[in-house]
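# Examining the three-dimensional arrangement
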Amino acid sequence: MSTVALPGVEAATADGGPRRRLSPWQAWGLALLAPYVAVFLVFVLYPVGYGLWLARHPQSYVQLFADPVFAGSVVNTLIFVVVGINLKMAAALFLSGFFVTARPWIRWLSVLFILPWAVPSIPTILSIRFMLNPEWGVVNQVIFRLTGADGPNWLNDRWIALSMAMLVHIWKSLPFWTMILIAGRLAIPGELYEAASVDGASVWQRFRFITWPSLSTLYLTSAILSMIWTLGDFNSVYLLTGGGPADLTHVLATLGIRYLRLDQVDLAMATIVCALPLVLPLVYFMMKRLSR
Amino acid sequence: MKRLLTEARLVLIGIPVAIWTLLPIYHMFLFSISTKEEAFSGELWPAHPTLRNFGIVFREQNYFLNHFWRQFANSLLIAVAVGAITLVVAAGAAFSISRLRTRGGRLVLNCALFTYFIPAAFLAVPMYKAMGTYGLLNTQWALILAMVTIASPYAIWVLKQASDKLPWELDEAARIDGASPLQLFRLVYLPLIAPSLVAVGTYALLLAWNEYLYAFLLLSNDKDITLPVALGHFLSADDSPWELLMTTGLIYALPPAAIYYAFKRYMVTGLTAGAVKS
């Protein structure tokens, strides 16, 4: 900590002259910034540097690419991100239009609608996991009662299990993105809609020529940010399927942790390095956007 | 007639949305008031609702619940510590960057933003190794510091946004009156950004209370772990007492939900504004 704060202080006092008067302010500035700088250096910069150093062996990548679980995880991750994001953002866009409709009961519903976001994910994901239990879960029991046939073994098939993990992810994060888009819609001046209804515009025309142009930037930013977070979503997959059946539903986020638990840190870091080409451009885009 | 049609359409959207939202939470609640037999029967309401499960959890009368209160206290302590430390770290940094215009502040802010955008599951692996190097593994400090690392970038960003909106004349007036930087910080700055501090503190607290991955990696001793890790342990057995798991899960989920709704006013204005700027 002190290594960061001290050079600035010395430089300011040694300079003398007009700068000298500023020095207590500069010194306090550095002192107040120092705790975060220390946190960053110790818990971000050093670990990331150390991690990249661990991932330097080409051998790790050869081993990683030879592991069929890795190829499967890459495919799963891409599907999870592309399908998941588009479904989620389209639903959020639609529902934000629903929730800005002025009705008392819709206001009450919007309060309930936040619940999946407000409660921790572990118990609710486990709850969904039991609902999908082939023998005892409520979903298959209802299917049996209605049709007399046995429902599918939801978490024992790669594609069904992955789709369920995607639904869990959407269930959890849909309220947040809907809230963001509601805020965006509420910022659109009401006069635009009044003028449009005077001109006899249809619902679609109002959306196409008023709502969408005002919302598109926010929508894109949200989609990118959501993509970054979805790439790092560990809970939805790990707590629902545990990566199973037979490690077929892993995504890169859970695969890295799987290698770590198997004490193959080199492979864990190599997995993360392989995810970076996906993550870094998105991070760059977001930083550009926020730094403006 | 047209009006009636609009209402009908709204209701047709509203009902599926309500079912979709509430089903997993209702299912959890249903298990918590059912005996094991009734929970597994697939009924939508138990014939004999009971609070027995809550008694078992509170009295720790199950192998998986041996340390329930201890783990509850761990979760609480860690969440409060993360909230408090994040507030101190982030308020200082935001004040320094925004009001004192400290040299290098821009760079630090960019580092923080970069950390914010790196998915936490990817940072977990190197963080785990580093905690091992520091000898912090399996101590609660590891989890507290890891969560402060994850929570503070966003906290700094939100507080900096709020600080930039304060009138610059305030600082000048304070300087002319001979206030020290610390007095400006304590007496002028902190009271003015109090609503954002509430939002950020709550954010960090909830983030730490809800965290599963880091808690599960960094802690292993049954007496040190937090509630979510304990919930995960239920899955290790084939015949897990799911009704107790759901009961514990419900107890664990209630405090953050209550806090969220209590501070919703601050959370929505303070955090959504900072989350995505169009």
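Analysis parameters
Residues numbered from 1 in each chain as written. Chains lettered and ligands numbered in written order. Predicted model: local features only at pLDDT ≥ 70, side-chain atom pairs only at ≥ 80, totals over all residues. Helix = DSSP H or I, 4+ residues; strand = E, 2+ residues; numbered from the N terminus. Buried ≥ 20, exposed ≤ 12 C-beta atoms within 10 Å, placed from the backbone. Contact = placed C-beta atoms within 7 Å. Rg over C-alpha atoms; globule rule 2.2 N^0.38 Å. Domains from an automatic or database assignment. Bend = angle between axes of the 7 residues up to and from the residue. Core = buried A, V, L, I, M, F, W, Y, C linked by C-beta atoms within 7 Å. Axes fitted to C-alpha atoms, helices over the stretch in contact; angles between N-to-C directions. Parallel < 35°, antiparallel > 145°, perpendicular 65-115°, else oblique. Left-handed = near helix turned anticlockwise from the far one by under 90°. Nonpolar A, V, L, I, M, F, W, Y, C, P; charged D, E, K, R; others polar. pLDDT = per-residue confidence, 0-100. Expected span 1.5 Å × (residues − 1).

### Details of the overall build of chain B
On a plain count of helices and strands, chain B comes out with 14 helices and 0 strands. Taken from N to C terminus, the helices and strands of chain B fall in the order α-α-α-α-α-α-α-α-α-α-α-α-α-α. The buried share among the 278 residues of chain B stands at 47%. Within chain B, residue pairs in contact and separated by at least 24 positions form 80% of the contacts whose partners lie at least 6 positions apart.

### Description of the overall build of chain A
A count of helical and extended segments in chain A gives 14 helices and 0 strands. In chain A, the succession of α and β elements from N to C terminus is α-α-α-α-α-α-α-α-α-α-α-α-α-α. Its C-alpha radius of gyration of 25 Å places chain A more than 25% over the 19 Å reference for a compact globule of 292 residues. Among the 292 residues that make up chain A, the fraction classed as buried is 42%. Excluding contacts between residues fewer than 6 apart, the proportion of contacts in chain A whose partners are at least 24 apart in sequence is 68%.

### Points about the environment of Cys-111 of chain B
Residues and elements named next belong to chain B. Here Cys-111 is to be found in helix α5 (residues 105-117). Judged by the 19 C-beta atoms lying within 10 Å of it, Cys-111 is partly exposed. C-alpha separation for the pair Cys-111 and Pro-153, spaced 42 residues apart in sequence, amounts to 8.4 Å.

### With respect to the domain arrangement of chain A
Looking at chain A, the domain boundaries give domain 1 (2-54) and domain 2 (61-291). A separation of 39 Å is found between the C-alpha centroids of domain 1 of chain A and domain 2 of chain A.

### A few points about the interface of chain A and chain B
Of the residues lining the interface, 76 residues belong to chain A; the matching set on chain B comes to 73 residues. At 20 residues, helix α2 (residues 19-54) of chain A tops the list of elements feeding residues into the side of chain A that touches chain B.

### Side note on helix α14 (residues 265-291) of chain A
At Leu-276 of chain A, α14 of chain A shows its maximal bend, which comes to roughly 45 degrees, and the proline Pro-277 of chain A appears one to four places after that position. Listed as buried for α14 of chain A are Val-265, Leu-267, Ala-268, Met-269, Ala-270, Thr-271, Ile-272, Ala-275 and Met-286 of chain A.

### Things to note about the nonpolar core
Judged by nonpolar contacts, the single largest core of 168 residues is most densely connected at Val-82, Ala-124 and Met-147 of chain B. The biggest single contributor to this core is helix α7 (residues 140-164) of chain B, with 16 residues. Leave out the neighbours within four places in its chain, and Ala-124 of chain B touches Ile-257 of chain A together with Leu-213, Tyr-214 and Leu-217 of chain B.

### Quick look at the environment of Thr-217 of chain A
Within the secondary structure layout, Thr-217 of chain A lies in helix α11 (residues 203-231). By C-beta crowding, Thr-217 of chain A is classed as partly exposed, having 14 other C-beta atoms within 10 Å.

### Here's the deal with the packing of helix α10 (residues 194-210) of chain B against helix α13 (residues 242-262) of chain B
Residue and element names in this part refer to chain B. Packing of α10 against α13 leaves a shortest axis separation of 10 Å and a crossing angle of 165 degrees. In terms of orientation, α10 lies roughly antiparallel with respect to α13. Remark: the crossing between α10 and α13 carries left-handed chirality. In contact with Thr-202, Leu-206, Trp-209 and Asn-210 of α10, α13 contributes Pro-256, Ile-259 and Tyr-260. The residue inventory of the contact of α10 with α13, partitioned by class, reads 5 nonpolar, 2 polar and no charged.

### Structural notes on the confidence of the model for chain A
Residues and elements named next belong to chain A. The predicted model of chain A has a mean per-residue pLDDT of 87, with 92% of residues at 70 or higher. The spread of mean pLDDT over the elements of chain A runs between helix α1 (residues 2-15), the lowest at 39, and helix α4 (residues 68-99), the highest at 94. In this model, residues 1-19 is a region of pLDDT below 50 whose contacts with residues beyond four sequence positions or in other chains number 21 contacts.

### Comments concerning the domain arrangement of chain B
Residue and element names in this part refer to chain B. Domain boundaries in chain B define domain 1 (2-58) and domain 2 (67-275). Taking only C-alpha atoms into account, the centre of domain 1 sits 32 Å from that of domain 2. Between domain 1 and domain 2, the residue contacts involve 12 residues of the former and 11 residues of the latter.

### Focus: unusual backbone geometry
All names here are of chain B. One non-glycine residue, Glu-60, lies in positive phi territory at about 55 degrees. Its location among the elements puts Glu-60 in the loop between α3 (52-58) and α4 (68-98). Despite not being glycine, Arg-101 has its phi angle at roughly 50 degrees, a positive value. Locating Arg-101 in the fold gives a position in the loop between α4 and α5. On the basis of neighbour count, Arg-101 is assigned to the partly exposed category, with 13 C-beta atoms found within 10 Å.

### Remarks on the environment of Phe-285 of chain A
As for its position among the elements, Phe-285 of chain A is in helix α14. Considering only alpha carbons, one finds Phe-285 of chain A and Thr-221 of chain A, 64 residues apart in sequence, at a separation of 8.8 Å.

### Here's the deal with the confidence of the model for chain B
Residue and element names in this part refer to chain B. This prediction gives chain B a mean pLDDT of 89; 96% of its residues lie at or above 70. The weakest mean pLDDT in chain B belongs to helix α14 (residues 264-275) at 62; the strongest belongs to α4 at 95. Interface confidence for the predicted complex, expressed as ipTM, amounts to 0.89; the pTM equals 0.89.

### Side note on the packing of helix α13 (residues 252-261) of chain A against α14 of chain A
Residue and element names in this part refer to chain A. Relative orientation of the contacting elements α13 and α14 amounts to 165 degrees, with a least axis distance of 7 Å. On the basis of the axis angle, α13 is roughly antiparallel to α14. α13 and α14 meet at a crossing whose hand is left-handed. The segment α13 lies against α14, with Leu-252, Leu-255, Gly-256, Tyr-259 and Leu-260 engaging Val-265, Leu-267, Ala-268, Thr-271, Ile-272 and Ala-275.

### Focus on α13 of chain B
Residue and element names in this part refer to chain B. Taking 1.5 Å per residue, 21 residues should reach 30 Å; α13 reaches 30 Å between its end C-alpha atoms and fits that length. The largest bend in α13 comes to about 25 degrees, at Leu-254, with the proline Pro-255 one to four residues further on. Where α13 is concerned, the buried positions are Trp-242, Glu-243, Leu-244, Leu-245, Met-246, Thr-247, Thr-248, Gly-249, Leu-250, Tyr-252 and Ala-253.

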